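# Close look at the chain arrangement
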Amino acid sequence: MTSLRAAMRPMRTELLGVAGVTALLLLAAAGVAVRLLAFDLPIACLDTESTSAICFGRQFDAQAYASFASKWSGLVGIFAIALPAVAGLILGIVAIAKELDQRTAVLAWSVDVSRRHWLAQRTLPLLAVIVVLGVVSAEVMKAMLGLQAPGIDLSQPIGFEALPYSGFGPMAAGMSAFGIAMVVGAVLGRLLPALLAAAALVVIANLLVSQGNERLMAGESLVAEYASVGAGRAIDFMLRTPDGRIVSWDEGFAEFGDPMTGELDPAVVQMARYVPIEIYPQVAARYALFHLLLGMAALTFAFAVVERRSP
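Residues numbered from 1 in each chain as written. Predicted model: local features only at pLDDT ≥ 70, side-chain atom pairs only at ≥ 80, totals over all residues. Heavy atoms only, no water.

Regarding its fold elements, the protein chain presents nine helices and four strands. Each helix and strand of the protein chain, ordered N terminal to C terminal, gives the series α-α-α-α-α-α-α-β-β-β-α-β-α. For 311 residues, the compact-globule formula gives about 19 Å, and the C-alpha radius of gyration of the protein chain, at 25 Å, lies well above that figure. Once the C-alpha set of the protein chain is aligned to its principal axes, its extents read approximately 80 × 55 × 30 Å. Counting all 311 residues of the protein chain, 38% fall into the buried class. When contacts within the protein chain are restricted to residue pairs at least 6 apart in sequence, those whose partners lie at least 24 apart make up 77%. Looking at the protein chain as shown, the accessible area adds up to about 16,600 Å², and 65% of this sits on carbon and sulfur atoms. Distance between charge centroids for the protein chain: 21 Å, based on 21 positive and 24 negative side chains. (Helix = DSSP H or I, 4+ residues; strand = E, 2+ residues; numbered from the N terminus. Rg over C-alpha atoms; globule rule 2.2 N^0.38 Å. Buried < 20%, exposed > 50% of the residue type's maximum accessible area, 1.4 Å probe, protein only. Contact = heavy atoms within 4.5 Å. Areas by Shrake-Rupley, 256 points an atom, 1.4 Å probe, with all protein chains shown as cover. Lys, Arg positive; Asp, Glu negative; His and termini not counted. Charge placed at Lys NZ, Arg CZ, Asp CG, Glu CD.)

The following block contains the structure:
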């Protein structure tokens, strides 16, 4: 325990800052929850057009509830989504670059048994912090969604757009940000340049992971009649001609559409290519795995850089 405190002491300012921001997030979430619960509205009354007898005279409350929930729970949700990645970025930078920037790395490495041991003592506790923040982020986001739409079943996937803020998504994104920040800090050795470069790389990494996952999802799509398409994400819309060909909408409309009325030949069937929501667990696991692999690869590289660089 003494060695752990000693390892964390140089980063106490950043750790306290992360703890303070997390406490602020929880306080804001609690404030939003208390305010919304104070409306004391039955779930049926959250529909502003409800005709239930218990909702008589409460339409104004329902509108006020929806307005407050949309604005403030949305802001808290965005704050929660960003927290693990931002914390990973900051903690990853100070884990190595702070010692190099302040010229204390020589002393720190000389009093430890090895550079690898020195870095492992810092990395493992910080990874635990990222894991905790990821869990907090996902739970806060779930609570905010539950307040916005109390009737929604959050035990079931609500859509592929939820990948970055549900389940292991926030935690995995935080870990990839942490790994990228560590290796950039180890290479550059200066706080401000490392922070700017790492922030840019984290944004690029998130875009690459999202785009890569999207491309793989497109390969797992199904084609079905538009009327029978289930829950999921629509990718493209097509037409099936009377002779059984599947063509693009533009091509089909040019051949079978009436430009005057905008209507299609009744014999033409509208089709859609979509990703079924049933594969959400696999897609979510792959999204998290991409971030984790990126983070672990970056951490491995950071250890190699620290092992070989001069202070």
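Time to look at unusual backbone geometry. Despite not being glycine, Arg103 has its phi angle at roughly 60°, a positive value. Relative to the helices and strands, Arg103 resides in the loop between α3 (59-101) and α4 (105-111).

The next thing to look at is the packing of helix α2 (residues 12-37) against helix α5 (residues 115-148). For the pair α2 and α5, the least separation of the axes is 11 Å and the interaxial angle reads 15°. The angle between α2 and α5 falls in the class roughly parallel. The handedness of the crossing between α2 and α5 is left-handed. Contact residues: α2 offers Leu15, Val18, Thr22, Leu25, Leu26, Ala29, Val32, Ala33 and Leu36, while α5 offers Leu126, Leu133, Val136, Val140, Met144 and Leu147. Its residues assigned to classes, the contact of α2 with α5 comprises 14 nonpolar, one polar and no charged. (Axes fitted to C-alpha atoms, helices over the stretch in contact; angles between N-to-C directions. Parallel < 35°, antiparallel > 145°, perpendicular 65-115°, else oblique. Left-handed = near helix turned anticlockwise from the far one by under 90°. Nonpolar A, V, L, I, M, F, W, Y, C, P; charged D, E, K, R; others polar.)

Our focus in this paragraph is the side chain of Thr22. Summarising the element assignment, Thr22 is placed in helix α2. Setting aside residues up to four positions removed in sequence, Thr22 forms contacts with Leu83, Leu133 and Val136.

Evaluated as defined, the whole model comprises four aromatic pairs. Look at Phe39 and Tyr65: their rings are 5.6 Å apart centre to centre, the planes differ by 70°, and that puts the pair in the edge-to-face class. Of this pair, Phe39 sits in the loop between α2 and α3 while Tyr65 sits in helix α3, and the two are 26 residues apart along the sequence. The pair Phe39 / Tyr65 is uniform in exposure class, with both members buried. Ring plane angle 40° and centroid distance 6.3 Å describe the contact between Phe68 and Trp72, whose orientation is recorded as tilted. Here the residue Phe68 and the residue Trp72 both occupy positions in helix α3, the gap between them amounting to four residues, near one helical turn. Over the face of the ring belonging to Phe68 we find Arg35, whose NZ or CZ atom lies 5.6 Å from the ring centre. (Phe/Tyr/Trp six-rings, centres within 6.5 Å; stacked < 30°, edge-to-face > 60°. Lys NZ or Arg CZ within 6 Å of the ring centre and 35° of its normal.)

Coordinates in, geometry out; function isn't part of it.
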